[in-house]
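Geometric and topological summary
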Amino acid sequence: MKDRMRVIWIALLGVAVLVGSAAGASKGGSIDLVAYSTPKDAYGKIISSFQKTQAGNGVDISQSYGASGDQARAVAAGQDADVVALSLDPDVNMLVGRGLVPKNWNGNSHRGIVSDSVVVFVVRDGNPKKVKGWGDLVRPGIQVITPNPFTSGGARWNVMAAYGAQRRAGKSDREAIAYLYKLFKHVPVQPASAREALQIFAQGKGDVLLTYENEAIYAEKKGVHTEYRTPKATLLIETPVALTKSGLRKPAAKAFYKYLWSSTAQKAFADQGYRPVVKNISKGYHKPPGLFTIGSAKYGLNGWVKVNKRFFHPEKGIMAKVERSVGQ
Amino acid sequence: MSRYLLRLGALGYLALILLVPVGFVFYRAFQHGLGPAWDAVTSHQAVHALELTLLMAAIAVPANTIFGVVLALALVRTRFPGRGLVNAIVDLPLALSPVVVGLALFLLYGRGGWLGSFADHGLKILFAVPGMVLATMFVSLPFVVREVVPVLREIGTEQEQAAETLGASPFQTFWKITLPAIRWAVAYGVVLTTARAIGEFGAVSVVSGRIEGRTETLPLYVQAQFEQFNVQGAYAASVVLALIAIATVVGLRLVHPREEA
Amino acid sequence: MASNAAVLERPAGVVSGRAGGAVARGMVMGYLSVVVLLPLAALTWSARAEGLDSFWHQATRPEALAALELTLGVAAICALVNAVAGTTIAWVLVRDSFPGKGTVDAVIDLPFALPTIVAGLTLLALYGPGGPAGIDVAFTRLGLLVALLFVTLPFVVRAVQPVLLELDTEVEEAAASLGAGSIAIFRRIVFPSLLPAILSGVALAFARAVGEFGAVVLISGNIPFKTEVSSVYIFGQLQSGNGTGAAAVSVVLLAISLGVLLLFGVFRRWWTKHEYV
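Residues numbered from 1 in each chain as written. Chains lettered and ligands numbered in written order. Predicted model: local features only at pLDDT ≥ 70, side-chain atom pairs only at ≥ 80, totals over all residues.

Looking now at the overall build of chain A. Along the backbone of chain A there are 14 helices and 9 strands. Reported as C-alpha extents along the three principal axes, the dimensions of chain A are approximately 70 × 60 × 40 Å. Per-residue burial over chain A gives 52% buried out of 328 residues. For chain A, the proportion of contacts with a sequence separation of at least 24, taken over those separated by at least 6, is 73%. (Helix = DSSP H or I, 4+ residues; strand = E, 2+ residues; numbered from the N terminus. Buried ≥ 20, exposed ≤ 12 C-beta atoms within 10 Å, placed from the backbone. Contact = placed C-beta atoms within 7 Å.)

What follows is about the overall build of chain B. Per the secondary structure count, chain B includes 13 helices and 0 strands. Going from the N terminus to the C terminus, chain B shows its helices and strands as α-α-α-α-α-α-α-α-α-α-α-α-α. Taken along its principal axes, the extent of the C-alpha atoms in chain B is 65 × 60 × 25 Å. In chain B, buried positions account for 61% of the 261 residues. Put simply, of all contacts in chain B between residues at least 6 apart along the chain, 75% involve residues at least 24 apart.

In this section: the interface of chain C and chain B. With 98 residues of chain C at the contact, the number on the chain B side is 97 residues. Among the elements that line the side of chain C that touches chain B, the one with the most residues is helix H1 (residues 18-47) of chain C, at 14 residues. Grouping the amino acids of the side of chain C that touches chain B by side-chain chemistry returns 66 nonpolar, 21 polar and 11 charged. (Nonpolar A, V, L, I, M, F, W, Y, C, P; charged D, E, K, R; others polar.)

A few words on the interface of chain C and chain A. Counting from both sides, the interface comprises 26 residues of chain C and, opposite them, 23 residues of chain A. Mapped by element, the contributors of at least two residues to the side of chain C that touches chain A are helix H3 (62-95), helix H6 (116-127) and helix H11 (230-239) of chain C. Residue contributions to the side of chain C that touches chain A peak at 5 residues, all from H11 of chain C. Across the side of chain C that touches chain A, the residue classes tally to 12 nonpolar, 11 polar and 3 charged.

Once that is clear, we can look at unusual backbone geometry. All names here are of chain B. Despite not being glycine, Phe127 has its phi angle at roughly 60°, a positive value. Mapped onto the elements, Phe127 comes out in the loop between helix H6 (117-120) and helix H7 (129-139). Under the C-beta neighbour-count criterion, Phe127 is labelled buried, with 30 such atoms within 10 Å. Its identity as a non-glycine residue notwithstanding, Arg210 has a phi of 50°, on the positive side. Here Arg210 is to be found in the loop between helix H11 (202-208) and helix H12 (218-227). Note on Arg210: 28 C-beta atoms within 10 Å, which makes it buried.

With that settled, the discussion passes to the confidence of the model for chain B. Residue and element names in this part refer to chain B. Mean pLDDT over chain B stands at 90; residues scoring 70 or higher make up 98%. Mean pLDDT in chain B bottoms out at H6, which sits at 78, and peaks at H12, which reaches 95. Under the prediction, the complex receives an ipTM of 0.89, its pTM being 0.89. (pLDDT = per-residue confidence, 0-100.)

Residues and elements named next belong to chain B. According to the domain assignment, chain B consists of domain 1 (1-30) and domain 2 (34-255). With 5 residues of domain 1 at the contact, the number on the domain 2 side is 8 residues. Split by residue class, the side of domain 1 that touches domain 2 holds 4 nonpolar, no polar and 1 charged. (Domains from an automatic or database assignment.)

So, on to the packing of H3 of chain C against helix H7 (residues 141-166) of chain C. Packed helices, taken two at a time, are described by their axes: the angle between them and the distance between them. All names here are of chain C. Here H3 crosses H7 at 40°, and the two axes come no closer than 6 Å. Comparing their axes, H7 and H3 come out oblique. Classified by chirality, the crossing of H7 by H3 is right-handed. A class-by-class count of the residues in the contact of H3 with H7 yields 20 nonpolar, 5 polar and 1 charged. (Axes fitted to C-alpha atoms, helices over the stretch in contact; angles between N-to-C directions. Parallel < 35°, antiparallel > 145°, perpendicular 65-115°, else oblique. Left-handed = near helix turned anticlockwise from the far one by under 90°.)

Moving on, we get to the nonpolar core. Ranked by size, the top nonpolar core spans 297 residues in total, and within it Val83 and Val84 of chain A carry the most contacts. The contact partners of Val84 of chain A, leaving out residues within four places of it in the chain, are Val34, Val75, Val92, Leu95, Val101, Val241, Ala242 and Thr244 of chain A. (Core = buried A, V, L, I, M, F, W, Y, C linked by C-beta atoms within 7 Å.)

All names here are of chain A. With 10 of its 11 residues buried, strand E4 (residues 113-123) lies for the most part within the structure. As paired strands, E4 and strand E6 (residues 208-212) are joined by 5 bridges and run antiparallel to one another. The residue of E6 that forms the bridge with Val122 is Leu209. Two elements, E4 and strand E7 (residues 227-229), share 3 bridges in a ladder whose sense is antiparallel. Bridge pairing links Val122 to Tyr228 in E7. (Pairing = 2+ DSSP bridges.)

So, about the pairing of strand E2 (residues 60-66) of chain A. Residues and elements named next belong to chain A. Burial of E2 is extensive: 5 of the 7 residues sit out of reach of the surface. As paired strands, strand E1 (residues 30-36) and E2 are joined by 7 bridges and run parallel to one another. Each bridged residue has a counterpart across the sheet, and for Tyr36 the counterpart in E2 is Gly66. On the question of chirality, the crossover connecting E1 to the parallel E2 by way of helix H2 (residues 40-50) is right-handed. (Right-handed = clockwise from strand over helix to strand, strands pointing away.)

Once that is clear, we can look at the packing of H3 of chain C against helix H9 (residues 182-211) of chain C. Residues and elements named next belong to chain C. At their nearest, the axes of H3 and H9 sit 8 Å apart, and the two run at 145° to each other. By crossing handedness, the relation of H3 to H9 is classed as right-handed. When H3 is examined against H9, the residues Thr71, Leu72, Val74, Ala75, Ala76, Cys78, Ala79, Asn82, Ala83, Gly86 and Thr87 are found in contact with a partner set consisting of Leu194, Ile198, Gly201, Val202, Ala205, Phe206, Ala209 and Val210. Looking at side-chain class alone, the contact of H3 with H9 contains 14 nonpolar, 5 polar and no charged residues.

Moving on to the domain arrangement of chain A. All names here are of chain A. Examined at the domain level, chain A breaks down into domain 1 (29-115 + 238-271) and domain 2 (117-237 + 286-327). A separation of 27 Å is found between the C-alpha centroids of domain 1 and domain 2. Contact residues are listed per partner, giving 11 residues for domain 1 and 10 residues for domain 2. The greatest single-element share of the side of domain 1 that touches domain 2, amounting to 3 residues, is contributed by helix H4 (residues 89-97). Looking at the side of domain 1 that touches domain 2 residue by residue, the class counts come to 3 nonpolar, 5 polar and 3 charged.

See the structure below:
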């Protein structure tokens, strides 16, 4: 009996010590970066070069990388974050709604966008099925891999690229939606994330993978041979970064945020396959002739808020209906 | 005859479901030689992740073991109202997908949650070690209980009653009669609990905040390697986890040398 | 030791001690509450946050129901396969001997220790497209089952092993010397003693199979109504901002699991009482 009690007291003491030490977290001259997982290498480089500048000297920067939605939810639940780098606007807007990020987060000259990319088709070596445009995706027998747009926020870029391309080709809204139905009938598996989708494609499933140019480039860099084609009409993917309210109170965080648009930082993003947003850091990226954005109203794309509501509402959204028709 | 058939069936099933996959993990980890594998697991980040993982286990396993044995005794040797319900609740943690475990812990300890104000007073639970320990304890809770309960039922109370009539105190009875009788059950329970505690990814990932060098356990490190296309590193780190699990079983064998049944 | 005296349960804990028993029970309940019940309560509360109508609606949406049906169905099959395979494996590990047995025994728990992404990757690589043996069950229900069998393997094996180790073989030997065949011995003597342990392991396997996410998300395909399990559906709802819906389906899943687990307990009690008569 006595031994048992002793063990219990020691355990309680141990817990108390841990709790106490965890409570004394970061103090002074430190920034918390919470980002989605893809640009990790780029941020690693950016952070080390930032720490060599005067503004960044002696600043301790903690880094957290994970899926964009997961990270947003974690920050909403109280994770310390001064700079949030997520994969699409809605994730940042969720934090605005919770009062953690100021409404004017995208007020700077770049609208808070720190890097760009485009939706591309990854194909098999030599493109044996000759996939070039969106029409090829719905040819008989073609199997397309795309992440599930409900589990992967990033996959929504794929869907809107498909829709927008149809609109740009002159199709009506109804026809473009019909295309989405057709397209998803060609999707045999919807992985939960972009990285998993690439893995499954690399393993041999499917003829075409819908993904982002930066993923394809990065994969190639890391030794996974990825041959891709950029369709003429495609969507510009814009990745946002925001200063949180707590970040606004830290001069170091503001300096770091500003640094993300410096040429060093933009080059780091470019090295990882992104398209820089600062004009004179060109890397010879070919701009697709039919490039459009999520705000291209003439193609029925009226910004993420409206698009999310119309297409990706979990129950009433167009994609929810598409998914239902695919399965039944 | 039937002995060989059973052996064949068991080994065949094991080969397909367990041995080949495990072999594959080891193969992929060392595919390019011992060097790259070693490098992958001795980086600063990996070593810290390993330490954190071991810390999780060092807290969660003893806690769940003590809890498990005491609860098993209570469930089997005593009667109290709601016994059946408690018995069933103990297994529930497994039925929750890790996403939901994280969600529940967010709802409880997160901003605006029931106990969310702890964080305001400096007591960080989420995105720090305590939250991760809670998540680990949650997902590895049932094993010791589940192992011990059937054995306790099986052995009956005769010896314990005999000891009592001979004047042994309850604690002496427990220590000298019951505990030795359930030692295998406790041992296997500890093995399972340890394996789960070191290998848990989902729930710990959600509540940890994934802060590199601070709240990244080895399974989280494995995931991070996968995301960065360092699949070999992911497998190598998994081998470390596998070796810890194997070491637990081997340690068990050394402490309790096997008696052939 | 009378192996069939399994249900000689005495009131007022013989071993737990009198006053000590109550304190111990109290601490155990406290631990259980903090670690398990509180989070579950928070979850249930949030599920009903938008009203019971909304709760019901979210829980009965066609995709949710389809996922539920698939999840429970595959989990049930997984539990059954484990019951047979796990018992056989435990038997072979305890009663048989062959070279390499120790090694096999040591790796039984690895499905737990390996992070689920690695489990998923491995099974995809081996039993998916491009796999070495030409087997491709990825993105089918069979692939889903294989992934679940992998992660639930240790449960029944490790539940039955300790019981087998403690089992007194005298009765079996006596029966054998009286001419009983090995099947009859198993059926009448060994199996009844093992059943509670098997049920224990099966309950765990079922629960795990219901809640598994990481190991199945890669290999199952996630097509709604076809290969999307509840854990993936719940994750999707959460990602799409439908936190209440996610909580609602989780609570329903939990309630069903609890029901199944309670049934197991009832069956076990019935069996052991019945046995004793």
